[in-house]
Amino acid sequence: MMAGGFCGRILDVDLTTAQVTVEEKDERFFRAYGGGPGVGLHYLLQDVPAGTDPLGPGNVMVFAAGLLTGTLAPSVPRNTVCALSPLTGALGKAEAGGWWGAELKMAGFDAVVVRGRAARPVYLWIKDGAAEIRDAGRVWGKDTGETDAALKGELGDARVRITMIGPGGERMVRFASIVNELVHFNGRNGLGAVMGSKNLKAIAVRGTTRVAAADPAGVQGLARWVAEAAKENALAKLLHIQGTPATVASSDAAGGLPTRNWSAGSFEEAKEIGGDKLTDEYLSGTGTCFACPIRCKRALKGGGPLGVEAKFGGPEYETIAALGSNCGVGDLDVVCKANELCNRLGMDTISTGAAISFAMQCTAAGIIGAADTDGRELRFGDGRAVLEWIGKIARREGFGDLLAEGARTAAKRLGKGAEEYVVHVKGQEAPMHDPRVKAGVGLQYALSPIGADHWFAQHDPLFAPGNPVGAATGQPLGILEGVAPGDLTGDKVRMVYYTSMLNSLYDALGVCFFGFAPRSVTPLNKMIALVQAATGWDTNLWEMLKIGERINAMAREFNCRQGFGTDDDVLPAKFFAPLPSGPNKGKATIDREAFRQAVEMYYEMAGWPGGRPSRGKLYELGLGWLAQQ
Amino acid sequence: MKVSVVLVGGLRELAGLDGKTVLLDDPSLRKVADLLPLLRLPPGIVGLAMSGGRQLDWEDDLAEGMAVTLYSLVGGG
Ligand code: SF4
């Protein structure tokens with residue numbers, strides 16, 4: 001273990017040959033790529049050529065902790081999983097909080113690279129610098145709760161941290177998730193299906209060596225500062241009080257709450273599924289992640305008419321909207337149960353909800369009928385059907401087998417105009433934020449390398465004129481004026497460009513967005529101080545943001561090599577139509593030409609002429625090895 | 001001026017109030033932005049203000065008897 005927040009060791013596992021090796025990496029590697037997606041992309045760019053089958057043995061998965069993860073830096077628990085996505089065919093990348101990433105570092109590894117395909121179900125057991133491939137026959141077919149309990153029992157240690165797939169991943173549902181500790185998820189892009197394709201059920205980790213910081217007292221002092229500041233910081237307190245479900249009410253009021261497969265932006269039963277009701281009637285308290293004082297995770301009482309199991313956690317905003325309002329369901333018992341089922345079966349709640357709401361709209365449009373859906377029409381508002389179809393998708397039963405391919409593929413196969421009803425970018429179903437009320441989110445949907453993603457950059461309202469929250473973060477970045485949420489001028493592109501670098505840096509460090517500026521308590525100068533104290537580097541915001549920019553260029557280059565280009569950086573037609581409800585009803589808030597020009601301007605800012613990083617930009621970012629390939 | 005305010009999305013707890021609706025009766029009330037200090041809510045924490053289905057700007061005038069709903073700035077995840 002090096003005294004710089006990282007281990008300098010990457011575990012390399014070939015499941016075809018059952019070989020386990022360790023690759024040593026020096027400080028320069030981590031200073032260039034950070035951790036998380038920087039490490040993942042470094043391997044993917046070398047080892048996953050164009051034409052690789054995402055569900056074949058040639059795909060490579062990288063599980064990488066953040067650079068600071070495992071140190072006592074507060075709210076930095078994240079790990080990233082990267083692989084070629086079976087949902088989009090582009091870069092697959094998903095972050096998760098919890099404890100798994102920290103445990104991996106304490107076990108002596110910064111990342112695990114997984115190649116090939118095991119002949120039969122296996123899991124990987126990593127303990128204190130050693131690793132072995134073990135038989136998983138006993139847990140194959142089990143849900144995540146059963147798997148977690150069985151492997152902890154088999155390993156004889158309840159403190160083992162396990163990241164795993166459920167039946168959805170085993171059956172290669174193209175939006176299967178990876179689940180750690182039952183309540184933390186690498187949710188998007190179908191990376192659970194890639195694990196399933198490799199016959200890899202889980203990675204269990206136990207580490208007992210504290211991750212050494214260069215300046216442990218410095219890290220601890222900063223952690224104490226954050227813990228105290230979080231008690232007073234209004235954004236951190238709001239996250240603790242109500243978490244992301246607070247967004248249901250504000251999205252609904254603004255006309256931006258996806259409802260009935262995006263056919264409306266306000267839901268008449270929004271109060272029934274909102275954060276106030278969830279907090280007042282369903283929660284037992286809050287949960288947290290490794291070394292985080294904010295405690296924003298929703299912990300459920302459980303029970304109720306549907307017998308919800310509390311151990312699978314409470315729903316976040318995305319889940320409530322995707323499986324609630326967007327399916328026309330205004331019943332929190334159903335939403336909590338649907339959340340449990342997705343987490344138990346290992347499927348992304350956004351894409352699962354989107355697949356079901358898409359099918360509901362196909363029913364409403366007469367494209368499918370009762371004969372397609374087991375004799376009962378799949379109608380908006382039918383909560384029982386939502387619960388049933390989650391299981392059918394995970395088991396690939398009947399029409400569920402088609403939905404398990406993702407909404408875009410399902411629509412293509414159905415024909416009859418069904419494609420009009422899929423709201424996706426690059427094949428990934430859109431998160432629950434309507435770009436018509438925040439245009440910068442539309443830009444990030446189009447430009448994110450993983451398809452529609454709401455974390456590629458920060459959201460517009462934070463940087464609206466007069467908002468002191470965005471101003472405090474914007475100033476050190478050079479953003480000195482606020483930009484209106486609906487704006488699509490170069491000022492907005494600049495805000496999106498800078499914060500897309502910041503967000504990728506956060507992923508590389510393992511930072512949770514809900515712990516750091518602009519959304520929460522830790523400001524940028526403290527973030528830099530944490531990096532300095534953990535690593536011992538004489539570094540600054542400029543060098544750190546370059547890590548984010550480097551990762552974005554690597555992701556872009558990876559996608560270009562997989563055949564993606566400017567034609568894929570588009571928004572669904574739905575978002576260019578007038579808003580159907582809310583205070584901006586009837587106004588088309590995204591202009592097609594303005595949007596196209598904004599995307600073009602992002603390329604210009606990034607040094608991606610024609611949508612691809614230029615040779616000069618690659619060299620400027622220290623990626624000459626990519627320019628030479 | 002008397003204005004009733006509904007606090008949504010954790011703002012009630014943040015303001016340290018028991019009920020979701022609070023009646024403000026204060027001669028200093030003129031603009032929507034004036035509501036925040038009376039409720040001890042820091043600027044930037046309220047993402048949206050609405051009244052009668054209309055989105056309000058911070059500089060909009062308040063009117064006697066107006067009902068305003070304030071929504072927190074959180075954002076999904
Ligand atoms: S803010 Fe919430 S999600 Fe983020 S690290 Fe803390 S508890 Fe986990």
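(A) Structural context of the packing of helix H19 (residues 490-509) of chain A against helix H22 (residues 592-606) of chain A. All names here are of chain A. At a minimum axis separation of 9 Å, H19 and H22 run at an interaxial angle of 50 degrees. Taken together, the axes of H19 and H22 lie oblique to each other. At the point where H19 passes H22, the crossing takes the right-handed sense. The residues of H22 that touch H19, namely those facing Gly-490, Val-493, Arg-494, Val-496, Tyr-497 and Ser-500, are Ala-598, Met-601, Tyr-602, Met-605 and Ala-606. For the contact of H19 with H22, the residue count by class is eight nonpolar, two polar and one charged.

(B) How the structure looks around the site of the ligand. The full set of residues close to the ligand is A:Pro77, A:Thr288, A:Cys289, A:Cys292, A:Ile294, A:Arg295, A:Cys296, A:Lys297, A:Cys512 and A:Phe514. For the shell around the ligand, the residue count by class is seven nonpolar, one polar and two charged.

(C) Fine view of the packing of aromatic side chains. Residues and elements named next belong to chain A. Summed over all chains, the structure comprises 17 aromatic pairs over all chains. With a centroid separation of 6.1 Å and an interplanar angle of 80 degrees, the aromatic rings of Trp-389 and Phe-399 are classed as edge-to-face. Linking Trp-389 in helix H14 (residues 383-395) with Phe-399 in helix H15 (residues 399-403), this pair joins segments that are 10 residues apart in sequence. When its relative accessible area of 3% is taken as the criterion, Trp-389 is described as buried. Overall, Phe-399 belongs to the buried group, its relative accessible area being 9%. Through pairs of rings, three or more aromatic residues link up here, namely Phe-6, Phe-29, Phe-30, Tyr-33 and Trp-537. A cation over an aromatic ring shows up here: Arg-78 above the ring of Phe-513, its NZ or CZ 5.5 Å from the ring centre. Over the face of the ring belonging to Trp-225 we find Lys-526, whose NZ or CZ atom lies 4.5 Å from the ring centre.

(D) Expanded view of the confidence of the model for chain A. Mean pLDDT over chain A stands at 97; residues scoring 70 or higher make up 100%. No element of chain A has a lower mean pLDDT than helix H18 (residues 468-477) of chain A, at 90, and none a higher one than strand E6 (residues 111-115) of chain A, at 99.

(E) Broad picture of the interface of chain A and chain B. Across the contact, 32 residues belong to chain A and 24 residues belong to chain B. The contact between chain A and chain B buries some 2100 Å² in all, and 67% of this surface belongs to carbon and sulfur atoms. With a closest N to O distance of 3.3 Å, B:Arg12 and A:Asp280 form a salt bridge. If you look at where chain A meets chain B, you find two residue pairs in polar contact (both at pLDDT 80 or more). Ranked by residues supplied to the side of chain A that touches chain B, first place goes to helix H8 (residues 234-241) of chain A with six residues. In terms of residue class, the side of chain A that touches chain B is built from 17 nonpolar, nine polar and six charged.

(F) Structural view of the domain arrangement of chain A. Residues and elements named next belong to chain A. Each assigned domain of chain A is listed here: domain 1 (9-206), domain 2 (246-422) and domain 3 (439-627). If you average the C-alpha positions of domain 1 and of domain 2, the two centres end up 26 Å apart. Counting from both sides, the interface comprises 35 residues of domain 1 and, opposite them, 30 residues of domain 2. In this assembly, domain 1 packs against domain 2 so that about 2500 Å² is buried in total across both faces, 58% of it on carbon and sulfur atoms. For the domain 1 face of the interface with domain 2, the top three residues by lost area are Arg-171, Phe-175 and Arg-188, together amounting to 24%. Between the two partners, domain 1 and domain 2, sit three salt bridges. Between Asp-143 and Arg-344 there is a salt bridge, with its nearest N and O atoms 2.6 Å apart. Where domain 1 meets domain 2, there are 16 residue pairs in polar contact (both at pLDDT 80 or more). For the side of domain 1 that touches domain 2, the secondary structure elements donating two or more residues are helix H3 (100-106), helix H4 (144-155), helix H5 (167-170) and strand E11 (184-186). Top contributing element to the side of domain 1 that touches domain 2 by residue count: H5, with three residues. Looking at the side of domain 1 that touches domain 2, its residues break down into 17 nonpolar, 14 polar and four charged.

How each quantity is defined
Residues numbered from 1 in each chain as written. Chains lettered and ligands numbered in written order. Predicted model: local features only at pLDDT ≥ 70, side-chain atom pairs only at ≥ 80, totals over all residues. Heavy atoms only, no water. Axes fitted to C-alpha atoms, helices over the stretch in contact; angles between N-to-C directions. Helix = DSSP H or I, 4+ residues; strand = E, 2+ residues; numbered from the N terminus. Parallel < 35°, antiparallel > 145°, perpendicular 65-115°, else oblique. Left-handed = near helix turned anticlockwise from the far one by under 90°. Contact = heavy atoms within 4.5 Å. Nonpolar A, V, L, I, M, F, W, Y, C, P; charged D, E, K, R; others polar. Near = heavy atom within 4 Å. Phe/Tyr/Trp six-rings, centres within 6.5 Å; stacked < 30°, edge-to-face > 60°. Buried < 20%, exposed > 50% of the residue type's maximum accessible area, 1.4 Å probe, protein only. Lys NZ or Arg CZ within 6 Å of the ring centre and 35° of its normal. pLDDT = per-residue confidence, 0-100. Buried area = accessible area lost by both parts, 1.4 Å probe. Salt bridge = Lys/Arg side-chain N within 4 Å of Asp/Glu carboxyl O. Polar contact = N/O pair within 3.5 Å; in protein donor to acceptor, adjacent residues only side chain to side chain. Domains from an automatic or database assignment.

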